[in-house]
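# Per-entry structural report
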Amino acid sequence: MDSGMSGAGLTRVADSLLDLEYSTWGFGDSVAFEAMLAASDATGDGRYESFAHGWVRSWATRALPYRRLDCTAPGAAMVHLARRTGDGRIVEAARGLAEYLRSRPTLEGVYLTWEHSPLMHPYGPAQLPPPEAALLADPPPGVFLDCLHFDPPFLTGLGRLIGDAGLVADGLAQARGYVRLLQREDGLFDHFRLTTSPRTYGPGWGRGQGWALLGLLDVIVEAPQSEDVADLCRAASALVDRMIGLQRVDGHWWAVVDDPASGEEWSTAAFMAYGFSRALEIPHLLDDGERVRAAAGRARSAVRAGLDASGTLGEVSAAVMACTQPSHYAHVPRGFRVPWGQGPALLALLTDEETK
């Protein structure tokens, strides 16, 4: 595919979001719903916002009883929809969801994602040693990096929308908690931590770095300036800097970003093209804007080149679930047309000045 992106090509990617299977709610939905709103803004085509509004409004009318997996609801997109439409039913359901999510137990102040974490046998040849097999047999609760894109932006954004300073503060505290629990000294994030151990698991998972970056940026934009926000800015800047250092010459990253043997995973480039571009819009966040802009351009070009004739981004892995073996993340099956590939791909394309 050539380096440009025609209007028809952009539409194919945007239209693909309307054909995906959403589970109301499941991991990865959030970025696709955010992309729908961005698509309507960029193209003037209201179909994408209408789809998102209808889906969220339908959920809102039957949201009770809330359930544990509702932590994956596209909360930031719900808040944006409420702002755009004035739909009080969405606000009411979002309030209830926030109350439910804040009732969960915590690990060092961070809300636990699961009562029993979704651990699995590793993809690939690795075998679980006895202590890890015991964890799989009776998985403890845990905190998972993906949720940095769910809880903190939702709580912070909803708090701003309804004028609840406690919600804003909680969203900010949650984001800082994820940084404290999962960010490494080199700037990268590990995937998860369990309540039964102080160690972390899933080092260097590529798409996970995207969830982390977008979640941090959402909170930074929504929360009032404070030293806590400055801490998040430093965390985001360190992540950006490390990811640029690991970017390949073709604009992509390895599936495990610091392991060249881990193979392809193209959704990471989409997340980073969009995330880097957003970071450039936040004053004083980055030390070397030109370096970040160049890296975003390389990642965006990689996304364009990775789209097939139907507008599908190639080499996107299935849901990784979770595993205590690091090699698992290098062997997750690839080749899926899913929200966490198509959503960030569209957002990446929409950050290109040539497409605006």
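Predicted model only: the values in this text are computed from it and were never measured.

### Comments concerning the side chain of Ser30
Tracing the chain through its elements places Ser30 in helix 2 (residues 29-43). Overall, Ser30 belongs to the buried group, its relative accessible area being 2%. Sequence-distant contacts of Ser30, that is, excluding residues within four places in its chain, are made with Pro74, His149, Phe150 and Trp211.

### Digging into the layout of surface pockets
Taken as a whole, the largest pocket spans an internal volume of roughly 600 Å³. Taken together, 24 residues form the lining of the largest pocket, with Ala38, His80, Tyr274, Arg278 and Leu347 sitting closest to its centre. When residues of the lining of the largest pocket are traced back to their parent elements, those giving at least two are helix 2, helix 4 (75-85), helix 7 (151-162), helix 9 (206-222), helix 11 (267-280) and helix 13 (339-350). The element best represented in the lining of the largest pocket is helix 2, accounting for 5 residues. Considering only residue class, the lining of the largest pocket consists of 12 nonpolar, 4 polar and 8 charged. Of the voids in this model, the second largest pocket is the one considered here, and its volume is about 250 Å³. Around the second largest pocket sit 14 residues that line it, and Phe27, Asp146, Ala319, Val320 and Met321 are the ones nearest its centre. In terms of residue class, the lining of the second largest pocket is made up of 10 nonpolar, 2 polar and 2 charged.

### Some thoughts on the packing of helix 1 (residues 7-16) against helix 13
Interhelical geometry of helix 1 versus helix 13 gives an angle of 150 degrees and a closest axis separation of 9 Å. As for how helix 1 packs across helix 13, the hand of that crossing is left-handed. The residues of helix 13 that touch helix 1, namely those facing Leu10, Val13, Ala14 and Ser16, are Gln342, Leu346, Leu349 and Leu350. Classifying every residue of the contact of helix 1 with helix 13 gives 6 nonpolar, 2 polar and no charged.

### Quick look at the environment of Arg304
Along the chain, Arg304 falls in helix 12 (residues 289-305). Of the residues examined, Arg304 reaches a relative accessible area of 7% and is grouped as buried. With 89 residues separating them in the primary sequence, Arg304 and Gly215 have C-alpha atoms 24 Å apart.

### Digging into the pattern of salt bridges
Going through the model one piece at a time under the given rule, you end up with 27 salt bridges. Asp45 is the salt-bridge partner of Arg47, the closest N and O atoms lying 3.0 Å from each other. Note on Asp45: relative accessible area 24%, which makes it partly exposed. Across the pair Asp231 and Arg176 runs a salt bridge, and its minimum N-O distance is 3.0 Å. Within this pair, whereas Asp231 is found in helix 10 (residues 227-246), its partner Arg176 is found in helix 8 (residues 165-182), the two being separated by 55 residues in sequence. For Asp231, a relative accessible area of 24% puts it in the partly exposed group. Relative accessible area serves as the criterion here: at 30%, Arg176 is assigned to the partly exposed category. Here the salt bridges share partners, and the residues they tie into one network are Arg176, Glu227, Asp228, Asp231 and Arg234.

The rules behind the values
- Residues numbered from 1 in each chain as written.
- Predicted model: local features only at pLDDT ≥ 70, side-chain atom pairs only at ≥ 80, totals over all residues.
- Heavy atoms only, no water.
- Helix = DSSP H or I, 4+ residues; strand = E, 2+ residues; numbered from the N terminus.
- Buried < 20%, exposed > 50% of the residue type's maximum accessible area, 1.4 Å probe, protein only.
- Contact = heavy atoms within 4.5 Å.
- 1 Å grid on protein atoms, 1.4 Å probe; cavity = no way out; pocket = protein on both sides within 12 Å on 5 of 7 lines; lining within 4 Å.
- Points joined across faces, edges and corners; volume = space filled by probe spheres on them.
- Nonpolar A, V, L, I, M, F, W, Y, C, P; charged D, E, K, R; others polar.
- Axes fitted to C-alpha atoms, helices over the stretch in contact; angles between N-to-C directions.
- Left-handed = near helix turned anticlockwise from the far one by under 90°.
- Salt bridge = Lys/Arg side-chain N within 4 Å of Asp/Glu carboxyl O.

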